[in-house]
Amino acid sequence: MAEVIVIGGGVGGMVCALLLARDGHHVRLYERQPRLGGKLAEHRRDGFAFSLGPTLLTLPELFRDLGVRRDLVELDELCRYRFADGSTLRARRDPAAMAAEVDRLAPGQGAGWRAFHDWASGCLAAARRTFFAGPIGRPSGPGRLTDLLAVAPGRTLDGLAGRFFDDARLRQYVGRYATYAGSSPYRAPAALGCIPAIEHGSGGWYVPGGLPRLAEDLAGLLADAGVEVHLDAEVARVLAGGGAVSGVALAGGGTARADAVVADTDAAALYGRLLPDRRRLRRIVRLGPSSSAFLLLAGVTGRTAGLAHHSIVFSADYRREFADIFDRRVPPEDPTVYLGCSAVHDPSQAPVGAENWVMLVNVPARDPARWPMSPESYRDLVLDRLASRGHDLAGRLRFVDLLTPADLRDRHGAWGGAIYGTAHRGPLAPLRRPGNRGPRRGLYLVGGSAHPGGGLPLVTMGARIVAGLVNEDFPLTRDAPGPDRRPPPWRRRTW
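Residues numbered from 1 in each chain as written. Predicted model: local features only at pLDDT ≥ 70, side-chain atom pairs only at ≥ 80, totals over all residues. Heavy atoms only, no water.

S.K.: What is the right way to read the overall build of the protein chain from this model?
M.R.: Regarding its fold elements, the protein chain presents 16 helices and 19 strands. Taken against the 2.2 N^0.38 rule, which gives 23 Å for 495 residues, the C-alpha radius of gyration of the protein chain at 22 Å falls within 12% of a compact globule. Its C-alpha atoms put the protein chain at 65 × 50 × 45 Å along the principal axes. Looking at the protein chain as a whole, 57% of its 495 residues are labelled buried. Partitioning the intrachain contacts of the protein chain with sequence separation of at least 6 by distance along the chain shows that 71% fall at a separation of at least 24. Roughly 19500 Å² of accessible area belongs to the protein chain as shown, and the carbon and sulfur atoms make up 51% of that amount. (Helix = DSSP H or I, 4+ residues; strand = E, 2+ residues; numbered from the N terminus. Rg over C-alpha atoms; globule rule 2.2 N^0.38 Å. Buried < 20%, exposed > 50% of the residue type's maximum accessible area, 1.4 Å probe, protein only. Contact = heavy atoms within 4.5 Å. Areas by Shrake-Rupley, 256 points an atom, 1.4 Å probe, with all protein chains shown as cover.)

What follows is the structure, encoded as structure tokens:
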């Protein structure tokens, strides 16, 4: 049995702590905030509730395998896309229905979508055998030589879209999947095109009460597994010597000893502050930060007829939008806006006769104090853009609260407010992210800034990878507690 300390109570840290405790290790988790869940958070005001992090759950079996038992609502319409010319695309869960929707938008392109979906399914299968199955460079699954070709090496996501579609709107729809990794479709690898296979395969789901309820479920499982959870407990640095970690020093004073330390933190924060490593920090800086987010959380009077749970209102010039974010490093003048309204399916999220609108714009990971306009001015710009494209909230707003990159930086220690750590730039970008093993024996990385990436499914997969590495490096002894030292079902499952 090893003494394990987990720094950070985001989903990756929680799942890793849970698995290690179930495997027989003594696990302590330290979280600087007064709550668990990390970016899986919510904001409440005047009877309204807003999810601040993920709003769509995919691959729910990952959480069921952990023991989460919560009723979910499957969405028939995954997302509604509105393009700058006023046309719309309703992304149906059923692949055949989705192909028909594509044909309605762009006659003759449905066959292209079916071919794209087939490609995405093959890409996902290859990723499950390799990239998602183990640490970088050493998958635990039985990979094949054809898996390399299955991910379209050398292509960008935009280049992949051009292979299947000649309609600019459909290329923009495919490019949207780069933002799931905080990246530009003109630089991100084509492999991100596997995401539609997940959404149209296992579906998109809503958690009644909001996705932050998952964090509460995981917290209950941690308690059942005997994990020591310390809230309002910030770790100041990782202690190491002789090539191995030995524990952590707490910001409030004192130290805690450990054989292994799992950092569910931004990798830049780990190598910049907790355990300084200039070489690794320079590698992270060279990759560049992912995008950040600018959120408008609006209490809206009245109910909007025909409003979807998830909508995307696209900009007129996608290439310029991403140049603003990653090259000019300013908020886009013509932003694409994600619009989420969970009150569509869940009346608990807003007072009677009202709606909770979450509006998200991708912006640079940069302090808003260095923007060419104030956050309040940018709020007005976003609302004006929405009004010009069919979502006019004039006279209906009760309040609009803002969340900026500075909030993400200060609350979660995110590098400049970057949501996903580093951006995916170039065909090998996923392989250049920080790995799950650190440079000292007993140091591990989990979470959105480390392999395999950000988002609920990937950080959960990453937690399984890290738990496996800890068990490999610190094997349980025969007299470890528990009647059965075989890996339990949630650890034996393979992709």
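S.K.: How should the sheet that holds strand β10 (residues 235–241) be read in this particular structure?
M.R.: Strand pairing within a sheet occurs via backbone hydrogen bonds; the two strands may be parallel or antiparallel. With respect to topology, three strands assemble into an open sheet ordered β10-β11-β12, the strand pairing being antiparallel. Strand pairing shows two members of the sheet lacking a second neighbour, β10 and β12 (255–257), which therefore form its edges. Ignoring strand direction, the axes of neighbouring strands in this sheet form an average angle of 30 degrees. Pairing geometry for β10 and strand β11 (residues 244–250), over six bridges, is antiparallel. The residue bridging Ala240 from the neighbouring strand is Val245, located in β11. (Pairing = 2+ DSSP bridges. Axes fitted to C-alpha atoms, helices over the stretch in contact; angles between N-to-C directions.)

S.K.: Explanation requested: the sheet that holds strand β17 (residues 354–363) in the structure shown.
M.R.: Ordered in space as β7-β6-β15-β16-β17-β14-β18, the seven strands form an open sheet in which the pairing is mixed. On the outer flanks of this sheet lie β7 (88–92) and β18 (397–403), each paired with one strand and no other. Strand-to-strand, the axes of this sheet are offset by a mean angle of 20 degrees, without reference to chain direction.

S.K.: Where do I start with a positive patch on the surface in this structure?
M.R.: Taken together, the side chains of Arg278, Arg279, Arg282, Arg283, Arg286, Arg425 and Arg432 define a basic patch exposed on the protein surface. Following the sequence through the fold, Arg279 ends up in helix α11 (residues 278–287). (Patch = residues over 30% accessible without salt bridge, like charges linked within 9 Å, V, L, I, M, F, W, Y side chains within 5 Å. Salt bridge = Lys/Arg side-chain N within 4 Å of Asp/Glu carboxyl O. Lys, Arg positive; Asp, Glu negative; His and termini not counted. Charge placed at Lys NZ, Arg CZ, Asp CG, Glu CD.)

S.K.: Whenever I open this one, helix α15 (residues 456–473) confuses me. Can you help?
M.R.: Each α-helix turn comprises 3.6 residues. Residues three or four places apart therefore point the same way. When the terminal C-alpha atoms of α15 are compared, their 26 Å separation across 18 residues agrees well with the 26 Å that a helix rising 1.5 Å per residue should span. Burial runs high along α15: 16 of the 18 residues are buried. (Expected span 1.5 Å × (residues − 1).)

S.K.: How do you make sense of the side chain of Ser184 when you look at a structure like this?
M.R.: Tracing the chain through its elements places Ser184 in the loop between α7 (168–175) and α8 (195–201). Judged by its relative accessible area of 7%, Ser184 falls in the buried class. Leave out the neighbours within four places in its chain, and Ser184 touches Ala178, Phe322 and Phe326.

S.K.: Help me understand the packing of helix α3 (residues 95–105) against helix α4 (residues 110–129), please; the structure alone is not making it clear to me.
M.R.: For any two helices packed against each other, one specifies the inter-axial angle together with the distance between the axes. Between α3 and α4, whose axes approach to 7 Å, the crossing angle comes to 140 degrees. When the axis of α3 is compared with that of α4, the two are oblique. Every pair of crossing elements has a handedness; the one defined by α3 and α4 is right-handed. Facing Pro95, Met98, Ala99, Val102 and Asp103 of α3, the residues of α4 in contact are Gly110, Trp113, Arg114 and His117. (Parallel < 35°, antiparallel > 145°, perpendicular 65-115°, else oblique. Left-handed = near helix turned anticlockwise from the far one by under 90°.)

S.K.: Mind showing me how you'd approach the nonpolar core here?
M.R.: The nonpolar side chains of a soluble globular protein tend to be buried, and buried together. Ranked by internal contacts, the top residues of the largest apolar core, which has 93 residues, are Val4, Phe63, Tyr81, Leu89, Tyr173, Leu218 and Val262. If we ignore the near neighbours within four places in the chain, the residues touching Val262 are Val4, Ile5, Val6, Ile7, Cys16, Tyr444, Val446, Val466 and Val470. (Core = buried A, V, L, I, M, F, W, Y, C linked by side-chain atoms within 4.5 Å.)

S.K.: When you look at the packing of helix α10 (residues 267–274) against α11 in this model, what are you seeing that I'm missing?
M.R.: The N-to-C vectors of α10 and α11 enclose an angle of 145 degrees; their axes lie 9 Å apart at closest approach. You can see that α10 and α11 cross each other, and the crossing is left-handed. Residues Ala267, Ala268, Tyr271 and Gly272 of α10 lie in contact with α11, whose contacting residues are Arg280, Leu281 and Ile284. Its residues placed into classes, the contact of α10 with α11 shows five nonpolar, one polar and one charged. (Nonpolar A, V, L, I, M, F, W, Y, C, P; charged D, E, K, R; others polar.)

S.K.: Can you help me understand the packing of aromatic side chains in this one?
M.R.: The relative placement of two aromatic rings is captured by the distance of their centres and the angle of their planes. Applying the stated criterion across every chain yields a total of 17 aromatic pairs. Ring geometry for Phe83 and Phe314: centres 5.2 Å apart, planes at 20 degrees, overall stacked. Here Phe83, found in the loop between β6 (77–82) and β7, pairs with Phe314, found in the loop between β15 (310–313) and α12 (318–326); they are 231 residues apart in sequence, far enough to count as distant. Here the aromatic cluster, defined as three or more aromatic residues joined through ring pairs, consists of Tyr81, Phe83, Tyr173, Tyr177, Tyr180, Tyr186, Phe314, Tyr318 and Phe322. Positioned over the ring face of Phe399 is Arg45, at 4.2 Å from the centre of the ring. (Phe/Tyr/Trp six-rings, centres within 6.5 Å; stacked < 30°, edge-to-face > 60°. Lys NZ or Arg CZ within 6 Å of the ring centre and 35° of its normal.)

S.K.: Any chance you could explain unusual backbone geometry here in plain terms?
M.R.: Residues other than glycine predominantly adopt negative phi, and peptide bonds predominantly adopt the trans conformation. Of note, the bond from His451 into Pro452 is cis; its omega dihedral lies within 30 degrees of zero at 0 degrees. You can see Pro452 is positioned in the loop between β19 (443–445) and α15. Even without glycine at this site, Leu59 takes up a positive phi of about 50 degrees. Position of Leu59 among the secondary structure elements: in the loop between β4 (48–51) and α2 (61–64). Judged by its relative accessible area of 2%, Leu59 falls in the buried class. Of note in the backbone geometry, Arg329 takes a positive phi value of approximately 55 degrees without being a glycine. Position of Arg329 relative to the elements: it lies in the loop between α12 and β16 (337–340).

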